[in-house]
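# Architecture and fold: a report
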Amino acid sequence: MAALPVLVLVWLAAVWGGPGVAGQKRKEMVLSEKVNQLMEWASKRSVIRMNGDKFRRLVKAPPRNYSVIVMFTALQPHRQCVVCKQADEEYQILANSWRYSSAFTNKIFFAMVDFDEGSDVFQMLNMNSAPTFINFPAKGKPKRGDTYELQVRGFAAEQLARWVADRTDVNIRVIRPPNYAGPLMLGLLLAVIGGLVYLRGSNLDFLYNKTGWALAALCFVLAMTSGQMWNHIRGPPYAHKNPHTGQVNYIHGSSQAQFVAETHIVLLFNGGVTLGMVLLHEAATSDMDVGKRKIMCIAGIGLVVLFFSWLLSVFRSKYHGYPYRYVCL
């Protein structure tokens, strides 16, 4: 008779606690299967390609104790998304850096949804542009900061790694594949300089040529003032093509970002203004006849006015509300 209360308690525990325990075990089994599946795919490919079914099952549906960084893109040739291809290269570098890192765990995975393979996912998320990077956290739904600001930060792997560290606390050291272009160019430059020194022998007057050094310094200044260093750090796209209208924008509409094409345009405009100033200087100081000096003066003024006006137009397009429209002489 003494054993009867114990049996009753065991029966009650089985009745009340059984479904909860069984449900928890089912969740753990489902989670384990999902993690194992992702780890298996990640071992074969750093960026896991997903369609609609895989996305809903492994990213959207609970349970999940891992974060997934998803790039929504359109890589098929008929989409003609140049930016998508450039962003994909940087994304692959980031994912490979994580996959082959000694700190690699199942805490975070990198995935990709191509529009032609998962258009239903784009519709589900009300997404109409590519490429787009979204972090799906281990708990809860993505917040505002979980969508990467591509137009502001660019898509360089280093910038993506900083964003991933901010959203997931996972620090990824970006390791790029070796690039031999720099050493080859340096070797070629040294070979050219060595050849010139050998051919000229003891005549090194060319090293004291002020015009040559002035041109080299001018090219360097034009490159730096046009924003080339910003491009190197941020890795922005060359231009932006509107997926709906097909219109290509070469000038970024924000003062906080720029395109690579924009720096080339600004470099050209600055070069035109500089050429105009050089012509004006030569017209004022040269010993040529008056007629040629007048032509040089008019050409110099025209170049300065034209290219500086275009520079002012670019400035107005980025700083909305700027009051001045033309150059005041």
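These remarks concern the structure in this document.

Calculation rules
- Residues numbered from 1 in each chain as written.
- Predicted model: local features only at pLDDT ≥ 70, side-chain atom pairs only at ≥ 80, totals over all residues.
- Heavy atoms only, no water.
- Helix = DSSP H or I, 4+ residues; strand = E, 2+ residues; numbered from the N terminus.
- Contact = heavy atoms within 4.5 Å.
- Areas by Shrake-Rupley, 256 points an atom, 1.4 Å probe, with all protein chains shown as cover.
- Disulfide = S-S within 2.5 Å.
- Buried < 20%, exposed > 50% of the residue type's maximum accessible area, 1.4 Å probe, protein only.
- Pairing = 2+ DSSP bridges.
- Right-handed = clockwise from strand over helix to strand, strands pointing away.
- Patch = residues over 30% accessible without salt bridge, like charges linked within 9 Å, V, L, I, M, F, W, Y side chains within 5 Å.
- Salt bridge = Lys/Arg side-chain N within 4 Å of Asp/Glu carboxyl O.
- 1 Å grid on protein atoms, 1.4 Å probe; cavity = no way out; pocket = protein on both sides within 12 Å on 5 of 7 lines; lining within 4 Å.
- Points joined across faces, edges and corners; volume = space filled by probe spheres on them.
- Nonpolar A, V, L, I, M, F, W, Y, C, P; charged D, E, K, R; others polar.

On to the overall build of the protein. Across its full length, the protein carries 11 helices and six strands. Within the protein, contacts between residues at least 6 apart in sequence are counted, and of these 66% link residues at least 24 apart. On the protein, roughly 20900 Å² of surface is accessible, and the fraction owed to carbon and sulfur atoms is 63%.

Turning next to the state of the cysteines. By definition, a disulfide links two cysteine residues through a covalent bond between their sulfur atoms. By the definition in use, this model includes one disulfide. Across the disulfide from Cys81 sits Cys84; the S-S distance is 2.1 Å. What sets the handedness of the Cys81 and Cys84 disulfide is the S-S torsion sign, and at about 70° it is right-handed. Among the residues examined, Cys84 registers a relative accessible area of 0% and is labelled buried.

Most of strand E3 (residues 108-114) is tucked away: seven of the seven residues are buried. In terms of strand pairing, strand E1 (residues 47-49) meets E3 through three bridges, oriented parallel. By the bridge assignment, Val47 is partnered in E3 with Phe110. Pairing of strand E2 (residues 67-73) with E3 involves seven bridges; the strand directions are parallel. What sits directly across from Phe72, in E3, is Val113. Tracing the backbone out of E2, into helix H3 (residues 82-99) and back to the parallel element E3 gives a crossover that is right-handed.

A cluster of nonpolar side chains, contributed by Leu186, Leu189, Leu190 and Ile193, occupies part of the molecular surface with about 390 Å² of accessible area. As for its position among the elements, Leu190 is in helix H7 (residues 181-200).

Within this structure, the stated rule accounts for one cavity of 30 Å³ or more. Approximately 40 Å³ is the volume found for the largest cavity. Lining the largest cavity are Ala42, Ser46, Ala95, Trp98, Arg99, Phe104, Ile108, Phe109 and Phe110. At the level of elements, H3 and E3 are the ones that each hand at least two residues to the lining of the largest cavity. Its residues placed into classes, the lining of the largest cavity shows seven nonpolar, one polar and one charged.

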